[in-house]
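What follows is the residue order along each chain.
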Amino acid sequence: MAEPTSGNPAATPAVPAPELLALREQIDSLDQDLLALLNRRAGLALAVGELKKKEGSVVFRPEREAQVIDGLKASNPGPLKTDSVAPIWREIMSACRALETPTRVAYLGPAGTFSEEAALGYFGSSIVRVPCTSIDDVFRTTAAGAADFGVVPVENSTEGVVARSLDIFLTTPLFIIGETSLFVRHNLLRKENSLEGIEVVCAHPQALAQCHGWLSSHLPNVERQPMASNAEAARQAALNPRLAAIASVRAGSEYGLHLVSPAIQDDTHNRTRFAIVTDPHRHPAPKASGHDCTSLVVSVVNRPGAMYDILKPLKAHDVSMTRFESRPARSGQWEYYFYIDLQGHPDELHVHTAMQELRQACAYFKVLGTYPLDVH
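Caption draft 1: Here's a closer look at the overall build of the protein. Within the protein, the regular secondary structure consists of 12 helices and 15 strands. Dimensions of the protein, computed from C-alpha atoms along their principal axes, come out at roughly 105 × 60 × 35 Å. Counting the 376 residues in the protein, one finds 44% classified as buried. When contacts within the protein are restricted to residue pairs at least 6 apart in sequence, long-range pairs at least 24 apart make up 76% of them. Surface accessibility of the protein: about 19,600 Å² in total, with carbon and sulfur atoms responsible for 56%. Seen as two clouds, the 35 positive and the 42 negative side-chain charges of the protein have centres 5 Å apart.

Encoded structure:
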């Protein structure tokens, strides 16, 4: 006698409704169309690459990519969210660039750092990754030509400027050709899925500072140990059960750690801004994109009215200053360098004129770079 069939509906796979099958067929067909169109785009990119080789021009033009993404976002009819346009097209452009020549990008490593995430977000995943042991090493590697570009943190919304990056900009031959910002969510990671038994919390000094309140409240008697990067802290935590690391979820996955406490940063809107640097002898400065920033570092003679002389040309020519930071000149004379971001591009007459007048008022004047503003 045959056994009765189970009354459990889950025992028999549900047959998709005809309407669902029809929609899936349409999606499959569109995917094939998209693939064909992407390959057509890749073919055109290869043709452009051949022309660039004959002209001796560079493959990566940040202002061009920014203009493409801005245009697509402006014309997006939906329902695809406009915020999704930039990351999708960055990956498409990254894959097409990789057909012409591999792009080598240096960043603070090892795998799993926010710097790596920023590099992938800006250039797309079709790059050759060059992890470095320190911010200094990112500059050195890029200046030496072992990487085409470097990605360095310059500012955090909670802790302010990344002092080491700003100091190196004074002497490096590199200049800025792009920027990107990253929402930074810090997580407590560990081999054991518990707060019990933690003796040391390790992370980059900036991350430790950004989580100071949480650590003081939840782990008040635990030692805090600075590391070269959060990913290195995660790597160390994977080797020692007494250690906990502050790092990204990606770093936790990379090193097989438990997510003990998520989002422990004190500021829920914590963001870090990164600069994209390269050698001006190998890569030209970006042309105006319509949404640009010009970064400078200047110093003035210590005399009455010196700061007014800096600000006067900007006011006179209607140039907006979006950032102003000071760093000691380390001369022992209480002198300072001032890091300034201006809205606009030197190809614009009012910006060019203001910068010329500003230069005359300064004892030291260096353009760190002119580049398109971050495209989200």
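Caption draft 2: Expanded view of the side chain of S261. Relative to the helices and strands, S261 is located in strand β10 (residues 258–261). S261 has contacts with N187, L188, L195 and W214, leaving out every residue within four places of it along the chain.

Caption draft 3: Representation of the nonpolar core. Within the largest apolar cluster, 24 residues are counted, with the highest numbers of intra-cluster contacts made by F139, V152, F169, I176, A275 and V277. Counting only elements with at least two residues in this core, the list comes to β2 (128–132), α5 (135–143), β3 (149–156), α6 (163–169), β11 (271–278), β12 (292–299), β14 (336–343) and β15 (364–372). Sequence-distant contacts of F139, that is, excluding residues within four places in its chain, are made with V152, S165, I168, F169, T172 and L174.

Caption draft 4: Inspection of the sheet that holds strand β8 (residues 223–226) at higher detail. Pairing in this open sheet of 5 strands is mixed, and the strands run β8-β7-β9-β6-β10 from one edge to the other. The strands lining the two open edges of the sheet, one partner per strand, are β8 and β10. Looking at each pair of strands side by side, their axes are set apart by 35° on average, direction ignored. Contacting β6 (187–190), β7 (200–203) and β9 (243–247), helix α9 (residues 230–239) runs over the sheet at an angle of about 155° to β9.

Caption draft 5: Region of interest: the environment of V200. Relative to the elements of secondary structure, V200 occurs in strand β7. Residue V200 is classed as buried on the basis of its relative accessible area of 7%. Sequence separation of V200 and E179 is 21 residues, and the distance between their C-alpha atoms is 34 Å. Apart from the residues within four sequence positions on either side, V200 is in contact with V222, E223, Q225, R242, L243 and A244.

Caption draft 6: Just the pattern of salt bridges, in detail. Evaluation of the coordinates by the stated rule reveals 15 salt bridges. One salt bridge in this structure joins R129 and E116, with 3.3 Å as the shortest N-O distance. Taken together, the residues R129 in strand β2 and E116 in helix α4 (residues 114–123) connect sequence positions 13 residues apart. Overall, the relative accessible area of 3% leaves E116 in the buried class. One salt bridge in this structure joins D137 and R140, with 4.0 Å as the shortest N-O distance. Pair noted here: D137 and R140 are both in helix α5, with a separation of 3 residues, about one helical turn.

Caption draft 7: How the structure looks around the packing of helix α2 (residues 62–75) against helix α3 (residues 85–100). Following both chains from N to C, one finds α2 and α3 inclined at 140°, their axes separated by 10 Å at the closest point. By the angle between their directions, the pair α2 and α3 is classed as oblique. Regarding α2 and α3, the two cross each other, and that crossing is right-handed. Mapping the contact onto sequence places E65, V68, I69, L72 and K73 in α2 and V85, A86, W89, R90, M93 and R97 in α3. When the residues that make up the contact of α2 with α3 are grouped by side-chain class, the tally is 7 nonpolar, no polar and 4 charged.

Caption draft 8: Geometry of the packing of aromatic side chains. All chains considered together, the criterion is met by 8 aromatic pairs. With a centroid separation of 5.3 Å and 50° between ring planes, the pair formed by F60 and F123 is classed as tilted. Taken together, the residues span a long stretch of sequence, with F60 in the loop between α1 (18–55) and α2 and F123 in helix α4 at a distance of 63 residues. Considered together, F60 and F123 belong to a single accessibility category, that of buried residues. Between F123 and F149, the ring centres sit 5.2 Å apart and the planes meet at 35°, which makes this aromatic pair tilted. With F123 in helix α4 and F149 in strand β3, this residue pair connects regions lying 26 residues apart in the sequence. In terms of burial, F123 and F149 fall into one category: buried.

Rules used throughout
- Residues numbered from 1 in each chain as written.
- Predicted model: local features only at pLDDT ≥ 70, side-chain atom pairs only at ≥ 80, totals over all residues.
- Heavy atoms only, no water.
- Helix = DSSP H or I, 4+ residues; strand = E, 2+ residues; numbered from the N terminus.
- Buried < 20%, exposed > 50% of the residue type's maximum accessible area, 1.4 Å probe, protein only.
- Contact = heavy atoms within 4.5 Å.
- Areas by Shrake-Rupley, 256 points an atom, 1.4 Å probe, with all protein chains shown as cover.
- Lys, Arg positive; Asp, Glu negative; His and termini not counted.
- Charge placed at Lys NZ, Arg CZ, Asp CG, Glu CD.
- Core = buried A, V, L, I, M, F, W, Y, C linked by side-chain atoms within 4.5 Å.
- Pairing = 2+ DSSP bridges.
- Axes fitted to C-alpha atoms, helices over the stretch in contact; angles between N-to-C directions.
- Salt bridge = Lys/Arg side-chain N within 4 Å of Asp/Glu carboxyl O.
- Parallel < 35°, antiparallel > 145°, perpendicular 65-115°, else oblique.
- Left-handed = near helix turned anticlockwise from the far one by under 90°.
- Nonpolar A, V, L, I, M, F, W, Y, C, P; charged D, E, K, R; others polar.
- Phe/Tyr/Trp six-rings, centres within 6.5 Å; stacked < 30°, edge-to-face > 60°.

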